[in-house]
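# Summary of structural features
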Amino acid sequence: MAANQQDIMDFEKTRNTLLTISAQKQQLQIQGTALEQALTELNKTSEKKVYKAVGSILIMSSTDEVKKELEEQKETSELKVKTLQKQETVVSK
């Protein structure tokens with residue numbers, strides 16, 4: 001009976017870990033989609049300056065600088081998603 005109890009506890013721990021990883025991955029994928037949409041819009045504009053949100057204020061910045069920042073954020077987000085996918089694979093085995 002104690003072995004079954006331990007198996008159940010191990011299962012619950014693994015399930016909770018997978019749920020956490022899955023939620024984090026989903027959040028990063030949504031963030032990646034939003035970043036991609038922002039980059040698409042920036043590529044369409046001919047404006048040299050755009051506003052970017054910094055905390056609770058908007059600051060004018062060069063379009064090229066904002067594009068670079070967004071591309072870096074997107075790349076970081078994609079790397080984190082890949083890491084979480086690897087963690088998912090390891091935990092589910």
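Residues numbered from 1 in each chain as written. Predicted model: local features only at pLDDT ≥ 70, side-chain atom pairs only at ≥ 80, totals over all residues. Heavy atoms only, no water.

### Focus on helix α1 (residues 2–44)
- For α1, with 43 residues, the first-to-last C-alpha span of 63 Å sits near the 63 Å given by 1.5 Å per residue.
- Every buried residue belonging to α1 is among Ile21, Lys25, Leu28, Gly32, Leu35, Leu39 and Leu42, and all of these are buried.
- The inward-facing, buried residues of α1 contact β1 (49–54) and α2 (63–92). (Helix = DSSP H or I, 4+ residues; strand = E, 2+ residues; numbered from the N terminus. Expected span 1.5 Å × (residues − 1). Buried < 20%, exposed > 50% of the residue type's maximum accessible area, 1.4 Å probe, protein only. Contact = heavy atoms within 4.5 Å.)

### Observations concerning the pairing of β1
- Bridging between β1 and strand β2 (residues 57–62) involves 6 bridges; their strand directions are antiparallel. Bridging from a neighbouring strand, Val50 pairs with Ser61 of β2.
- Where β1 hands over to β2, the hairpin turn is made up of 2 residues, of which Gly55 adopts a positive phi near 65°. (Pairing = 2+ DSSP bridges.)

### Comments concerning the nonpolar core
- Leu35, Leu39, Leu42, Val50, Val66 and Leu70 together form the largest nonpolar core, which totals 6 residues.
- Within the residue set of this core, elements represented by two or more residues are α1 and α2.
- With 3 residues, the top contributor of residues to this core is α1.
- Setting aside its immediate chain neighbours within four residues, Val66 contacts Leu42, Val50, Lys52 and Ser61. (Core = buried A, V, L, I, M, F, W, Y, C linked by side-chain atoms within 4.5 Å.)

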